[in-house]
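As a plain string of letters, each chain reads:
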Amino acid sequence: MDDEALSIGLLSGLEKDVARDLLRQAKRRLLAADTVLFAAGQPARAVHVLVSGVAQLVQSTPRGSRVVVKYVGPGEVFGSPALLDRFYPVDAVAITECEELQWPAPALRAIVDRYPQVALNVIRDLETRLREMEDRVRDLSGESVEHRLVRAILKLVERFGRQGPEGIEIPFPVSRQDLADLIGSTLPTVSRTLRNWEAQRQIRRYRRRLVIADVESVAGILYKSTSPQPQVRRSHRRGGRG
């Protein structure tokens, strides 16, 4: 249990005995892949932390399209609006088999009152989320689809990547549509970009399995020269008669 407590950001900085006690207060659940942990619009009644597995946080727009807000891994807090008696703003869906911990909102508010370190941990998590959202707004407003796709894949590599025989593998299903929803693009555009990278042997795809065969090459796309082509200057002077 000590190792488990150390891996959970919500319990960071607490004494071991306190962390163990807070773990015992949590409700533990085993979830099959594709299980909905909570849905957007539902009253936020609990704060969640994954012990194992990966979940996807998804929002739907008024037009019916999807936005993948974030992939959540072990140790990360989500569902924190429960601390404020609010509604969940996203759907949370298990992408793989997961084990999760839930603290009912009243119990966690009592914990926060008793242990200010837990409040600091929640604030630190919210600050990280805010920075991630700021980065995404920057990417959406000023970068090409190819660059946004590179950044998204590199973040998945950094957070979840595992070394395999063919390169760095993302160990859960990531479809082309997922990637399009993650970077705010369309399926045809993302598919075309991925096919180009596959042709250059930078990535490999097997159904919904994504392997980055050459991480340095993919990262290098961000630093390709984009110098504008010289433009021919047109003269506005009219030729005189000879």
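One can find the structure itself at the top, above this paragraph.
Worth saying up front: this structure is predicted, and the values here are computed from it rather than measured.

Rules of the game
- Residues numbered from 1 in each chain as written.
- Predicted model: local features only at pLDDT ≥ 70, side-chain atom pairs only at ≥ 80, totals over all residues.
- Heavy atoms only, no water.
- 1 Å grid on protein atoms, 1.4 Å probe; cavity = no way out; pocket = protein on both sides within 12 Å on 5 of 7 lines; lining within 4 Å.
- Points joined across faces, edges and corners; volume = space filled by probe spheres on them.
- Helix = DSSP H or I, 4+ residues; strand = E, 2+ residues; numbered from the N terminus.
- Nonpolar A, V, L, I, M, F, W, Y, C, P; charged D, E, K, R; others polar.
- Expected span 1.5 Å × (residues − 1).
- Buried < 20%, exposed > 50% of the residue type's maximum accessible area, 1.4 Å probe, protein only.
- Pairing = 2+ DSSP bridges.
- Contact = heavy atoms within 4.5 Å.
- Axes fitted to C-alpha atoms, helices over the stretch in contact; angles between N-to-C directions.
- Phe/Tyr/Trp six-rings, centres within 6.5 Å; stacked < 30°, edge-to-face > 60°.

A. Local environment of the layout of surface pockets. Considering only enclosed or pocket space, the largest pocket measures out at about 580 Å³ in volume. Surrounding the largest pocket, 25 residues form its lining, Ser-80, Pro-81, Pro-89, Leu-126 and Arg-129 being those nearest its centre. Counting residues per element, the ones that place at least two in the lining of the largest pocket are β4 (55-60), β5 (66-72), α3 (105-114) and α4 (116-142). Classifying every residue of the lining of the largest pocket by side-chain character gives 16 nonpolar, three polar and six charged. As a volume, the second largest pocket reaches approximately 480 Å³. Listing elements by their share of the lining of the second largest pocket, those giving two or more residues are β5, α4, α5 (145-160) and α6 (176-183). Looking at the lining of the second largest pocket, the element that brings in the most residues is α5, giving eight residues. In terms of residue class, the lining of the second largest pocket is made up of nine nonpolar, no polar and 11 charged.

B. Summary view of α4. Compared with the 39 Å implied by 1.5 Å per residue over 27 residues, the 39 Å span of α4 between its first and last C-alpha is a close match. Burial in α4 covers these residues: Val-118, Asn-121, Val-122, Asp-125, Arg-129, Arg-136 and Asp-139.

C. Representation of the pairing of strand β7 (residues 91-94). Judged from the two bridges that link them, strand β2 (residues 36-38) and β7 form a sheet pairing that is antiparallel. By the bridge assignment, Val-36 is partnered in β7 with Val-93. Where β4 lies against β7, four bridges are found, and the strand directions are antiparallel. Counterpart to Gln-56 in the pairing with β7 is Val-93.

D. Up close: the environment of Pro-104. Position of Pro-104 among the secondary structure elements: in strand β8 (residues 98-104). For the pair formed by Pro-104 and Ile-221, sequence separation is 117 residues and the distance between their alpha carbons is 45 Å. Residues contacting Pro-104, with those up to four places away along its chain left out, are Arg-45 and Ala-46.

E. Focus on the sheet that holds β7. Read from one edge of the open sheet, four strands run β2-β7-β4-β5, paired in antiparallel fashion. Each edge of the sheet is formed by a strand with only one pairing partner; in this case those strands are β2 and β5. Recorded for the sheet is a direction-independent mean angle of 30 degrees between the axes of neighbouring strands. Taken together, the six bridges between β4 and β5 define a ladder with antiparallel strand orientation. Within β5, the position partnered with Val-58 by the bridge is Val-68.

F. Focus on the packing of aromatic side chains. Considering all chains together, one arrives at four aromatic pairs under this definition. Seen from their ring centres, Phe-38 and Phe-78 are 6.0 Å apart, and the 35 degrees between their planes marks the pair as tilted. Residue Phe-38 is found in strand β2, and its partner Phe-78 is found in strand β6 (residues 77-78); the two are separated by 40 residues along the sequence. Across this residue pair, the class does not change: Phe-38 and Phe-78 are buried. Considering the side-chain rings of Tyr-71 and Phe-172, the 5.2 Å spacing of their centres and the 40 degrees angle between planes classify their relative orientation as tilted. Of this pair, Tyr-71 sits in strand β5 while Phe-172 is found in the loop between β10 (167-170) and α6, placing the two residues 101 residues apart along the sequence. Across the pair, Phe-172 and Tyr-71 agree in class, each one buried.

G. Broad picture of the sheet that holds β6. Spatially, β1-β8-β3-β6 is the arrangement adopted by the four strands of the open sheet, whose pairing is antiparallel. In this open sheet, the two strands that pair with only one neighbour each are β1 (27-31) and β6. Across five bridges, the pairing between β1 and β8 is antiparallel. Along β8, the bridge assignment pairs Lys-27 with Gln-102. Where α3 meets the sheet, it contacts β3 (46-52) and β8, and its direction lies at approximately 70 degrees from that of β8.

H. Fine view of unusual backbone geometry. Positive phi, close to 75 degrees, is recorded for Asp-34, a residue that is not glycine. With respect to the helices, strands and loops of the structure, Asp-34 is situated in the loop between β1 and β2. The phi torsion at Arg-201 lies on the positive side, around 60 degrees, for a residue other than glycine. Note on placement: Arg-201 falls in the loop between α7 (187-199) and β11 (203-206). Take Arg-201: its relative accessible area is 66%, and that puts it in the exposed class.

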